[in-house]
Amino acid sequence: MAPYEPEQGTTDAEELSAGRRKAARYLVPVAVAGVAAATIGLVPALASGGDPDLPKLTAQELIEKIAASDTEQLSGTVKINTDLGLPSFGGGAFAPGGAGGGGGADGEGSAADPAAKLMELASGSHTLRVAADGPDKQKVSVLDDAAEYSVIRNGDDVWAYDSASNEAHHTKDTGKHGDRAGEKGDLPKDVPSTPKEFAREALKAADKTTSVKVDGSAKVAGRDAYRLVLKPKDSGTTVGQITIAVDAKTGTPLKFTLTPASGGAAVVDVGFTKVDFAKPSAATFDFKPAKGTKVTEADGKAGKPGAGAFKGAEPEVNVIGEGWTSVAELKLPGGQGLPASGSADVPADAQRFLDSLGDKVSGDFGSGTVFKTRLINALVTDDGKVYVGAVTKDALVKAANR
């Protein structure tokens, strides 16, 4: 099937807002892995062999169908690919430093800690096996040629196991789940791993700044699905469009694709290749570390991926603008920018490498450097401020000037 390019359509924002809010509320996350901005070009397209002939639905009706979906039991295989134009975060089996990750017996923490492990989903291609039976039983396994990394929630117990290092990470959570799944002691929600989780975040952003329409149908994981297309109306964003394939029978998002405004392959593409909505076996969520497994007991507080970059107090964030062109402003620790050229702070070769990664810019704010990916761009000023968003270089400079 040839790639589709839907025509620019507009949908009355006030008519859709109530349905969107309801959809965002009731899209119960399969919180099995918890990357936005998280954030993936799936190898297969939506499917070949012809699109299914489905009853016509408006965007409002399809959003309401998603909101009414009560799917909490499923199992299947998910393909994830992220193409931000950056090198892969991982190394070896799953993490920097080779098989087993950055923690382990000779380092701090645990090689199985999901707060760091699951950040690897933000880069490259991955195959996941997922299963869920309500908010208290979930499992995700990240498959590799020579290893497997699994995170299992069963009631109050959250286990993570890394077969490459034979290490396990255990968190005991006595908090309430349900609508608050993904918070204290749960799997890191910053790292979505299913189309449902990506769709939930996209629908939150679907306000008056967004064109929403139904653009035909598709086959995903052997099931009939509608295509819901979201397009930013604002100029200045790097987001071209978001396409969500919604299961025609259950209303469950089966595939999520984010394409950049610059064109080319998808930046984020995550979708089921196999899915079963039957109740998974209870044994799916059982885990007991084998003899010889190194077990790390956590304190019950799930870490945030990337938190190590800002040790101590979390940085204060100021949001400039709204919708797709919103920009987050924060200060670097210590209030200093990047090392200046010719300084003795970094070796000359390292300085040349830093300079090659970004574009020098200046404005009313002073001067700085813009670092770019295919989706997220960041301006680091010489006085230690950072402006970041899914926006163009010019939009970052404009935000900094404000």
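Note that the structure is predicted; figures quoted are calculated from it, not measured.

Section: the sheet that holds strand β4 (residues 148-154)
- Spatially, β7-β8-β9-β10-β11-β1-β2-β3-β4-β5-β6-β12 is the arrangement adopted by the twelve strands of the open sheet, whose pairing is mixed. Lying at the two open borders of the sheet, with one neighbouring strand each, are β7 (210-220) and β12 (294-297). Strand after strand, the sheet turns through a mean of 15° between neighbouring axes, direction not considered.
- Note that strand β9 (residues 239-247) and strand β10 (residues 253-260) share seven bridges and pair antiparallel. Bridged to alanine 245 within β10 is lysine 255.

Let's talk about the packing of aromatic side chains
- Scanning all chains against the criterion turns up two aromatic pairs.
- Ring plane angle 50° and centroid distance 5.2 Å describe the contact between tryptophan 159 and phenylalanine 287, whose orientation is recorded as tilted. A residue pair is termed long-range when its members are at least 10 positions apart, and tryptophan 159 in strand β5 (residues 157-162) and phenylalanine 287 in the loop between β11 (268-276) and β12 qualify at 128 residues.

Here's the deal with the nonpolar core
- Residues Leu128, Leu228, Ile242, Ile244 and Leu258 are the most contacted members of the largest nonpolar core, which totals 46 residues.
- Residue contributions to this core peak at five residues, all from β9.
- Ranked by size, the runner-up nonpolar core spans 13 residues in total, among them Val327, Val361, Leu379 and Tyr387.

A look at the pairing of strand β6 (residues 167-172)
- Counting buried positions along β6 gives five out of six residues, so the element sits mostly inside the fold.
- Note: β5 against β6, six bridges, orientation antiparallel. Considered in β6, the bridge of tryptophan 159 is made with histidine 170.
- Taken together, β5 and the strand that follows it, β6, pair antiparallel across an intervening segment of four residues, in which asparagine 166 is found at a positive phi of about 55°.
- Relative to β12, β6 is paired through four bridges, and the arrangement is parallel. Across the sheet, residue histidine 169 finds its bridge partner in β12, namely threonine 296.

What to know about the pattern of salt bridges
- Tallied over the entire structure, the rule returns ten salt bridges.
- Ionic pairing is found between aspartate 359 and lysine 372, a salt bridge with its closest N-O pair at 2.8 Å. Of the two residues, aspartate 359 is situated in strand β15 (residues 358-363) and lysine 372 in strand β16 (residues 366-372); the sequence distance between them amounts to 13 residues.
- For lysine 372, a relative accessible area of 47% gives the class partly exposed.

Points about unusual backbone geometry
- Its identity is not glycine, yet asparagine 166 carries a phi of approximately 55°, on the positive side.
- Mapping asparagine 166 onto the fold places it in the loop between β5 and β6.
- Not every positive phi belongs to a glycine, and alanine 221 is a case in point at roughly 55°.
- Considering the arrangement of structural elements, one finds alanine 221 in the loop between β7 and β8 (223-232).

Parameters and conventions
Residues numbered from 1 in each chain as written. Predicted model: local features only at pLDDT ≥ 70, side-chain atom pairs only at ≥ 80, totals over all residues. Heavy atoms only, no water. Pairing = 2+ DSSP bridges. Helix = DSSP H or I, 4+ residues; strand = E, 2+ residues; numbered from the N terminus. Axes fitted to C-alpha atoms, helices over the stretch in contact; angles between N-to-C directions. Phe/Tyr/Trp six-rings, centres within 6.5 Å; stacked < 30°, edge-to-face > 60°. Core = buried A, V, L, I, M, F, W, Y, C linked by side-chain atoms within 4.5 Å. Buried < 20%, exposed > 50% of the residue type's maximum accessible area, 1.4 Å probe, protein only. Salt bridge = Lys/Arg side-chain N within 4 Å of Asp/Glu carboxyl O.

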